[in-house]
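Coordinates in review
Okay, here's what each chain looks like letter by letter:
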Amino acid sequence: MGYKRQARIVFLGGLHPAPANLAAHYAQKLGSEWMEARAAVLSGVPGEVAIIDDGMLAWADLLVTLDAVALAQRPPLRAGMQHRHYPFEPIPLIDDKAAWGAFAARVRERVEGMIGGMRLLEKAAQSAAVNDL
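Since we're looking at a predicted model, the values are computed, not measured. One numbering rule holds for all chains: residues counted from 1, following each sequence as written. Totals for whole chains, interfaces and linings use all residues, but because this is a predicted model, local features are given only for residues with pLDDT of at least 70 and pairs of side-chain atoms are given and counted only at 80 or more. Excluded from the side-chain calculation are hydrogens and water; included are all heavy atoms of the structure.

**Quick word on the overall build of the protein chain**
Helix numbers and strand numbers start at the N terminus; a helix is a DSSP run of H or I with at least 4 residues, a strand a run of E with at least 2. Secondary structure summary: the protein chain contains 4 helices and 4 strands in total. The secondary structure elements of the protein chain, listed N-terminal to C-terminal, are β-α-β-α-β-α-β-α. With C-alpha atoms as the basis for the radius of gyration, the globule rule is written as 2.2 Å multiplied by the number of residues raised to the power 0.38. Relative to its length of 133 residues, the protein chain is compact, with a C-alpha radius of gyration of 16 Å against a globular reference of 14 Å. Expressed as lengths along the three principal axes of its C-alpha atoms, the size of the protein chain is roughly 55 × 35 × 20 Å. Note on exposure labels: buried denotes an accessible area under 20% of the residue type's maximum, exposed denotes more than 50%, and partly exposed covers the range between, all computed with a 1.4 Å probe on protein chains only. Buried residues in the protein chain amount to 40% of all 133 residues. The long-range share in the protein chain, meaning contacts at least 24 apart out of those at least 6 apart in sequence, stands at 57%. Any two residues having at least one pair of non-hydrogen atoms within 4.5 Å are treated as being in contact.

**Brief notes about the nonpolar core**
The criterion is simple. A nonpolar core is a set of buried Ala, Val, Leu, Ile, Met, Phe, Trp, Tyr and Cys residues joined through side-chain atoms within 4.5 Å. One finds Ile9, Val10, Phe11, Ile52, Val64 and Met114 to be the most contacted residues of the largest nonpolar core, which totals 42 residues. Here this core takes 8 residues from helix H4 (residues 97-131), the largest share from any one element. Setting aside anything within four residues of it in sequence, one finds Val10 in contact with Arg38, Ala40, Ile52, Met56, Trp59, Ala60, Leu62, Leu63 and Val64.

**A short note on the sheet that holds strand S3 (residues 62-65)**
Spatially, the 4 strands line up as an open sheet ordered S2-S1-S3-S4, and their pairing is parallel. Both outer strands of the open sheet, strand S2 (35-41) and strand S4 (82-85), are each paired with one neighbouring strand and no more. Strand-to-strand twist in this sheet, taken as the mean axis angle between neighbours without regard to direction, amounts to 20°. One requirement defines pairing of two strands: DSSP has to find at least two bridges between them. The sheet contact formed by S3 and S4 spans 4 bridges and is parallel. Bridge pairing in S4 places Thr65 opposite His85. Along the sheet, helix H1 (residues 18-31) contacts strand S1 (7-13) and S2; its crossing angle with S2, the most-contacted strand, is approximately 170°. To define axes, lines are fitted to C-alpha atoms, for helices over the stretch in contact only, and angles between the resulting N-to-C directions are given on a 0 to 180 degree scale.

**Observations concerning unusual backbone geometry**
What is expected of a backbone is that most residues other than glycine have negative phi and most peptide bonds are trans. A cis geometry characterises the amide bond from Glu89 onward to Pro90, with omega recorded as -10°. Positionally, Pro90 belongs in the loop between S4 and H4.

Note that every value here comes from positions in space, so none of it alone points to a role or purpose.
Rendered as structure tokens:
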């Protein structure tokens, strides 16, 4: 990784933990050279995902909200922290395998787009370093 350090990203769900889990999984699996990711949910969302807290917000460079509830109840951002909103709604029914597959593919595509952006930033930083010589 030639661009500074890995971006620290928190994916936040307000309705269901699945989008945050999927996004963090794909970020770690496909883009670990460029990003470090964590999944989080708002308080009251059931599932085995961490509830967003001040420590997570202090760690992160970017907060990505994944549904309308997460966007509406987004915690305040610290100075220098960025926010993006990539809505993944509606969440498919758990027993609809085809819908879950399509849903997971949409999440993966969005994360791949983020990784592509990080690659471009890295190339730009390398080009600037070469031009400075």
